[in-house]
Amino acid sequence: DGGITQSPKYLFRKEGQNVTLSCEQNLNHDAMYWYRQDPGQGLRLIYYSQIVNDFQKGDIAEGYSVSREKKESFPLTVTSAQKNPTAFYLCASKTGNTEAFFGQGTRLTVV
Amino acid sequence: SQKIEQNSEALNIQEGKTATLTCNYTNYSPAYLQWYRQDPGRGPVFLLLIRENEKEKRKERLKVTFDTTLKQSLFHITASQPADSATYLCALKGHNTDKLIFGTGTRLQVFP
């Protein structure tokens with residue numbers, strides 16, 4: 001089955017720690033995205049990538065980093081510089097002028 | 001800066017009525033606009049896409065209109081059902097870019 005997979009579903013981070021969220025797709029999509037969603041809010045774009053080895057900052061990139069070494073994978077690292085990382089993180093992919101497909105999300109909590 | 005606004009207050013309607021949700025944008029020239037449905041704790045699911053040169057799109061009980069002069073899209077659900085209760089998000093994509101930005105979402109509650 002084709003799809004987009006995020007892991008883990010729940011993640012706990014200690015203060016000052018970096019954590020990496022995984023996003024893998026087997027849809028052969030060119031573009032991939034990371035969004036952050038806070039309670040009762042919409043999706044805010046963190047980073048996106050249109051092709052392998054290239055990515056652009058979204059509206060709230062500070063404190064986050066990404067890589068796109070393979071077409072299928074677009075991991076997001078939440079660094080210690082992100083002061084308020086507790087949120088629901090969503091990864092998406094698409095190709096051409098079509099709809100985006102989303103993963104099931106990772107809920108990150110700082111403890 | 002680019003901004004997409006949707007009604008922040010929840011929309012409560014009775015079953016069988018038509019729900020109408022609004023998406024307004026500023027400082028943007030979108031190639032197309034999309035509507036998604038999101039259930040609690042899950043990723044959004046695509047519903048409809050409308051291009052800049054289209055005025056209206058329909059799919060079953062759903063209808064989307066797009067007015068690039070007013071910079072507004074309206075999303076209608078006719079004969080609404082309790083199962084339509086969810087948050088609905090609009091998203092815009094510009095020309096010559098894959099950047100896809102979302103609105104704040106509107107929560108729809110359909111009661112029997």
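These remarks concern the structure in this document. Note that the structure is predicted; figures quoted are calculated from it, not measured.

1. Re the overall build of chain B
Counting its regular elements, chain B contains zero helices and eleven strands. Listed N to C, the secondary structure of chain B is β-β-β-β-β-β-β-β-β-β-β in terms of helices and strands. When its C-alpha atoms are laid out on the principal axes, chain B stretches across 45 × 30 × 20 Å. Buried positions account for 47% of the 112 residues belonging to chain B. A sequence separation of at least 24 residues applies to 55% of the contacts in chain B between residues at least 6 apart.

2. Here we look at the sheet that holds strand 1 (residues 4-7) of chain A
Residues and elements named next belong to chain A. Across the sheet, which stays open at both edges, the four strands sit in the order 1-3-8-7 with antiparallel pairing between neighbours. Looking along the sheet, the strands with just one partner apiece sit at the ends: strand 1 and strand 7 (64-66). The average undirected angle you get between the axes of adjacent strands in this sheet is 20 degrees. Relative to strand 3 (residues 19-25), strand 1 is paired through four bridges, and the arrangement is antiparallel. Bridge assignment links I4 to a residue of strand 3, and that residue is Q25.

3. Structural notes on the interface of chain B and chain A
At the interface, 21 residues of chain B touch 23 residues of chain A. At the junction of chain B and chain A, the tally comes to two salt bridges. The salt bridge involving K94(A) is made with D98(B); its shortest N-O contact spans 3.1 Å. The greatest single-element share of the side of chain B that touches chain A, amounting to four residues, is contributed by strand 4 (residues 30-38) of chain B. Taken together, the residues of the side of chain B that touches chain A break down into nine nonpolar, seven polar and five charged.

Cut-offs applied
- Residues numbered from 1 in each chain as written.
- Chains lettered and ligands numbered in written order.
- Predicted model: local features only at pLDDT ≥ 70, side-chain atom pairs only at ≥ 80, totals over all residues.
- Heavy atoms only, no water.
- Helix = DSSP H or I, 4+ residues; strand = E, 2+ residues; numbered from the N terminus.
- Buried < 20%, exposed > 50% of the residue type's maximum accessible area, 1.4 Å probe, protein only.
- Contact = heavy atoms within 4.5 Å.
- Pairing = 2+ DSSP bridges.
- Axes fitted to C-alpha atoms, helices over the stretch in contact; angles between N-to-C directions.
- Salt bridge = Lys/Arg side-chain N within 4 Å of Asp/Glu carboxyl O.
- Nonpolar A, V, L, I, M, F, W, Y, C, P; charged D, E, K, R; others polar.

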